[in-house]
Amino acid sequence: MSDPRPHLLKRGPLLLTALLLCALPFYLDAFWLRIGLFSMAAAIGAVGLGLLSGTAGQLSLGHAFFLAVGAYGYVWLAGEPGPGLPPAVALVLAVLLAGAAGGLFSPVAGRVKGIYLGVATLALVFLGHHVLLTADSVTGGFNGRSVPPLELGGFTFAESGPELTVLGVPFGAEERLWYLGLALFAVTWFTARGLLRGRPGRALVALRDSETAASVMGVHVARYRSAAFVVSSMYAGLAGVLLALSFRRVVPDYFSLALSVDYLAMIVIGGLGSVAGATAGAVFVTALPLLMTRYADQLPLVAAPGSGDGSIGPTEASRYLYGAAIVVILLYAPDGLHGLASRTRARLRRRPPATRPGGTGPVTAGTATHATSDTTARAKEHTP
Amino acid sequence: MTGFLDSLLGGLALGSVYALIALGFVTIFKASGVLSFTHGSLLLLGGYLVAVLHDDIGFAGALAVAVLVTAAAAGALDRLVLQRAGGTDPHAAHVQTIVTIGVDIVLVTDLARRIGGDLLPLGDPWGSAVTDLGPVTVADSRIAAILVSAVAIGGAFALFRFTPWGLSLRAAAEDREAAALMGVRLTRVRTAAWCLAGGLAALAAVFLVAFPAPGLERTTGQIALKAFPAAILGGMTSPVGALVGSMLIGLTEAFVAGYQTDLHVLGEGFGDVAPYAVMVLVLLVRPAGLFAAKGAARV
Amino acid sequence: MTAPAARTAPAPPALDVRGVTVRFAGLLALDDVSFTVAPGTVHAVIGPNGAGKSTCFNVLSGLYRPTAGTVRLGAAELTRLAPHRIAALGVARTFQNIVTTQGTVADNLMLGRHALSHSGFAASALRLPRAVREQREHLAKAREIAELTGLGAHFDSPVALLSYGDRKRVELARALCLEPRVLLLDEPVAGMNAAERTRTTRVIGEIRAELGLSVVLVEHDMGLVMRLADEVTVLDFGRAIAHGTPDEVRREPEVLRAYLGTTTGEDAA
């Protein structure tokens, strides 16, 4: 919380990483940049879900819905048919729209808690998908819509603009979007960490660990639950816009329950309740199928996509892997990649790990500090 | 009028199939506090087994094998995987719920890969036959669904009511710790609960893909999720609530589909998602579900 | 040591419990209980297990809504308020079994500052100067309170790594962070060893003397009650069977029968 180290030293690794990320487009080809781009978009969404499910302990399977609201919101607002607003304005409004959609659900999100909210949010995915399919005039129906490119002060984040070469490297859509993604991800990183380390973050953690303790300490339980849901929806909306820009076309079938589950996998694999963990998980879950597709011919057991029935394609192989990863991580390393990293770091520094020995359980990560029996008994006691 | 009776019977048939699944959700929840997101794959597993076995050992044999194997798989999942997750964490049940999602990803991926893009017939004896009941014509599969479900549900209720296991289950649902102190062997009670739920899911699979549905597809498992609204409406801990919730969901779906043309504002195929709309509406009014008993604040 | 409370209000208002009845599914947990906590005093609520002491606390902190009766803090009626509103009025509590949240001692104490701080989601996310300043100020206050309660050395340690006694003290410190006018302590020394008990008893004495707040104390340790309490209410089967100073209560025959007579041996342990 209060780090005595001087700022520059503390920020050093972060700055270095940022510089490295800025330099990548000069060295990587479009394939790798696309992986990076999708990973950044996923990371933004995963950070949002992490805030809701990891920090506040509210399970959501409705994340795909809010991604869709962001993506389609942008497409409609910036496109034709639609008001045709300047794309930058559409981006901001799409994020707000996703937040508003989360707010509309808050009568449920504020009162339904923990894993039950997971079931309630199933409704969002299925109803949302239905709307995407049927509201043709806005969403383009089954075939979806193409995404208008983002323009900012005459600069277009797509191939279409005037040709651009920087330091001898031609800047196509991937290169341009890379910087957009990086900027949006930086905003996410900055804001989410501010939230988590500030008053709202502590209130949400308290809400997860003990609703009773939170409320007697002055936390308005329902309001904070709803707020966590709204904020998480806004991050999802932002991720949705970036995904839309990267795909250049939005279709309803992308925003399915499986997508929600992917995001859940990201935060579980990364380790709940941390921005860095969510990011690591997002990169893992996003990059895995893409890498497998690319290197299918060099991998044992994995067949190239579409090579006959019964064989394991790259998509399947990666789903096996991360499905199993969820199970294995929850069984053996409940604090995920983030916990692994901090344990390793602690070992390198030869001091006890800063994480709890019990590990962070998912969703309503319990605390080792509770007397198990007592809390359950108490929870019951408080609901006469 | 015919349309009405048609929808009514269709709804009841659908509702009784949902009830099989929802009862499983409730049983598992009472025994372990876990929400089973693995049910989609259990359902798919049951259906898949019937599909591949019925040619060799006949439909009845295949169904029996499917029910037993799915029950065993569910029990093994609980005993070998879920009970090891979460440890002494007071929220272990929540950890285990997420584990069921991970397991579901693996199982569904595997079964979907095996099924591929095909529609697998289950070889059920009622096929596409219909029976005239007064003014309406009913598919035999629907009559079978209602009858078989009624028997299975009755059996499950008898288990809840008259067996030591049922008593233990109720004790565990009241207060897991106290039940353990009184000698209830929780690990067995919950594994048995998973077995029962698995068996019911396999049974449900047969009717979900029977006529007029075209057959087993890779997405059939997702139908299991529609029993979640049913169980939630029932308050998650009440078998009777789950039954009523299932009927409500089944009837809603059938009537919305039946009166599609009058409800065209809602879009084509709204029947499929109507259960979720009902759930949201009910949760708005009663966040604890319609039949929530003491554990009200849980939902 | 300087008092951490910046609250300028001189003496807290009286906490007045009138005819509080709590019924759970036919079971009478509290039956027409009344008592008044005079401003700035320590008021102990004692009684055998299951007498309704914790239920009483849950009513005071708003976790239970009584079937009948009222609780007033000065002019404010608490019985209709949600727990977070009662907290905002300056009523803080600890729990019989430790209920801390994940993170360091500092994180837990900062939760105690929740009601006194204002930064919302937007201000914290954007790290607006006022949010940063507020956080810094409250952190300083929290550190002061940690020092006062003897947790200074553990301020940045994860709560999970602390000893039982220290964790109990984290709860106490977190409650103090609310700068309460009324402090509800639910068995603050239960499960502690002798040294920890002495220390906590001293801390409670100190905070009461320095901060001038009212304390309501549920405790089995009669030594602690006799030493700290100005007044005692004895509950048995949900009814208040005696009121008075510790000495008066000790001599009450009904109390001896209901409480001291049966559990003295245990308490001495």
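Here we take up the overall build of chain C. Across its full length, chain C holds ten helices and ten strands. In terms of C-alpha radius of gyration, chain C reaches 19 Å, essentially the compact-globule figure of 18 Å for 269 residues. Counting over 269 residues, chain C shows a buried share of 50%. Taking all contacts inside chain C whose residues are at least 6 apart in sequence as the whole, residues at least 24 apart take part in 69%.

The next point concerns the overall build of chain A. Broken down by element type, chain A carries 16 helices and six strands. A burial count over chain A gives 57% of its 384 residues as buried. Considering only residue pairs separated by 6 or more positions, chain A has 74% of its internal contacts joining residues 24 or more positions apart.

Let's shift gears to the sheet that holds strand 4 (residues 68–73) of chain C. All names here are of chain C. Spatially, the four strands line up as an open sheet ordered 2-1-4-5, and their pairing is antiparallel. With partners counted over all chains shown, the strands left at the sheet margins are strand 2 (27–37) and strand 5 (76–77), one partner each. As paired elements, strand 4 and strand 5 share two bridges and run antiparallel to each other. From the neighbouring strand, arginine 72 faces strand 5, where its bridge partner is glutamate 77. Sheet contacts for helix 1 (residues 53–60): strand 1 (15–24), strand 2 and strand 4; angle to strand 2, the most-contacted strand, approximately 65 degrees.

Let us now look at the pairing of strand 3 (residues 42–46) of chain C. All names here are of chain C. Within strand 3, five of the five residues are buried, which leaves it mostly tucked inside the rest of the structure. On strand 3, burial covers both faces: Val42, Ala44 and Ile46 on one face and His43 and Val45 on the other are all buried. Note that strand 3 and strand 8 (residues 214–218) share four bridges and pair parallel. If you follow alanine 44 over to strand 8, its bridge partner there is leucine 217.

Bringing unusual backbone geometry into the picture now. Among all residues save glycine, negative phi is the norm, and among peptide bonds the norm is trans. With an omega dihedral of 0 degrees, the bond running from glutamate 80 of chain A to proline 81 of chain A counts as a cis peptide bond. Summarising the element assignment, proline 81 of chain A is placed in the loop between helix 3 (63–78) and helix 4 (87–104). Positive phi, normally seen in glycine, also occurs at arginine 127 of chain C, with a value near 50 degrees. Within the chain, phenylalanine 237 of chain C stands out as a residue other than glycine whose phi angle is a positive 50 degrees. Take phenylalanine 237 of chain C: it is sitting in the loop between strand 9 (231–236) and strand 10 (239–244). Among the residues examined, phenylalanine 237 of chain C registers 15 C-beta atoms within 10 Å and is labelled partly exposed.

Now for the nonpolar core. Grouped together as the largest cluster of nonpolar side chains are 302 residues, with contacts concentrated most on Ile44, Ile269 and Ile326 of chain A together with Ala22 and Ala204 of chain B. For isoleucine 326 of chain A, the residues in contact, after removing those within four places along its chain, are Ala265, Val268 and Ile269 of chain A together with Ile98, Ile101 and Gly102 of chain B.

Residues and elements named next belong to chain A. For alanine 258, the position within the fold is in helix 12 (residues 257–270). We classify alanine 258 as partly exposed; it has 16 C-beta atoms within 10 Å. Put simply, alanine 258 and leucine 61 are 197 residues apart on the chain and 9.2 Å apart in space, counted from C-alpha to C-alpha.

Before going further, it helps to spend a moment on the confidence of the model for chain C. All names here are of chain C. With 91% of its residues at a pLDDT of 70 or more, chain C has an overall mean of 84. Note that residues 1–8 has pLDDT below 50 and, in this model, eleven contacts with residues that lie over four places away or in other chains. In this model, residues 263–269 is a region of pLDDT below 50 whose contacts with residues beyond four sequence positions or in other chains number four contacts.

What links the strands of a sheet is backbone hydrogen bonding, and the strands pair in either a parallel or an antiparallel sense. Residue and element names in this part refer to chain C. One open sheet holds the six strands; their spatial order is 6-7-8-3-9-10, and the pairing between them is mixed. Sheet topology places strand 6 (91–93) and strand 10 at the edges, where each strand pairs with a single neighbour. Ignoring strand direction, the axes of neighbouring strands in this sheet form an average angle of 20 degrees.

Residue and element names in this part refer to chain B. At their nearest, the axes of helix 4 (residues 140–162) and helix 7 (residues 186–208) sit 10 Å apart, and the two run at 170 degrees to each other. With respect to their mutual orientation, helix 4 and helix 7 come out roughly antiparallel. For the pair formed by helix 4 and helix 7, the contact residues are Ser141, Ala145, Ala152 and Ala156 on the first element and Leu196, Leu200, Leu203 and Phe207 on the second. Here the contact of helix 4 with helix 7 is composed, by residue class, of seven nonpolar, one polar and no charged.

Each turn of an α-helix holds 3.6 residues, which means side chains three or four residues apart point in the same direction. Here helix 2 (residues 30–55) of chain A contains 26 residues, and its C-alpha end-to-end distance of 35 Å stays within 8% of the 38 Å for a straight helix at 1.5 Å per residue. Most of helix 2 of chain A sits out of view: 21 of its 26 residues are buried.

This paragraph deals with the pairing of strand 4 of chain C. Residues and elements named next belong to chain C. Pairing of strand 1 with strand 4 involves five bridges; the strand directions are antiparallel. Note that in strand 4 the partner of threonine 21 across the bridge is alanine 68. Remark: two residues form the turn of the hairpin made by strand 4 and strand 5, two consecutive strands paired antiparallel; glycine 74 in that turn has positive phi of roughly 60 degrees.

Residue and element names in this part refer to chain A. Taking 1.5 Å per residue as the helical rise, helix 4 with its 18 residues ought to reach 26 Å, and the 25 Å between its terminal C-alpha atoms agrees with that figure. Within the sequence span of helix 4, burial applies to Pro87, Ala90, Leu91, Ala94, Val95, Leu97, Ala98, Gly99, Ala101 and Gly102. Its buried side turned inward, helix 4 meets helix 3, helix 5 (106–109), strand 2 (151–152) and helix 11 (221–247).

Okay, the confidence of the model for chain A next. All names here are of chain A. Chain-level statistics for chain A give a pLDDT mean of 80 and a share of 83% at 70 or above. The low-confidence segment residues 1–5, where pLDDT is below 50, has seven contacts with residues more than four positions distant or belonging to other chains. Low pLDDT, under 50, characterises residues 351–384; the stretch is placed with 101 contacts to residues that sit more than four places away or in other chains.

Definitions and limits used
Residues numbered from 1 in each chain as written. Chains lettered and ligands numbered in written order. Predicted model: local features only at pLDDT ≥ 70, side-chain atom pairs only at ≥ 80, totals over all residues. Helix = DSSP H or I, 4+ residues; strand = E, 2+ residues; numbered from the N terminus. Rg over C-alpha atoms; globule rule 2.2 N^0.38 Å. Buried ≥ 20, exposed ≤ 12 C-beta atoms within 10 Å, placed from the backbone. Contact = placed C-beta atoms within 7 Å. Pairing = 2+ DSSP bridges. Axes fitted to C-alpha atoms, helices over the stretch in contact; angles between N-to-C directions. Core = buried A, V, L, I, M, F, W, Y, C linked by C-beta atoms within 7 Å. pLDDT = per-residue confidence, 0-100. Parallel < 35°, antiparallel > 145°, perpendicular 65-115°, else oblique. Nonpolar A, V, L, I, M, F, W, Y, C, P; charged D, E, K, R; others polar. Expected span 1.5 Å × (residues − 1).

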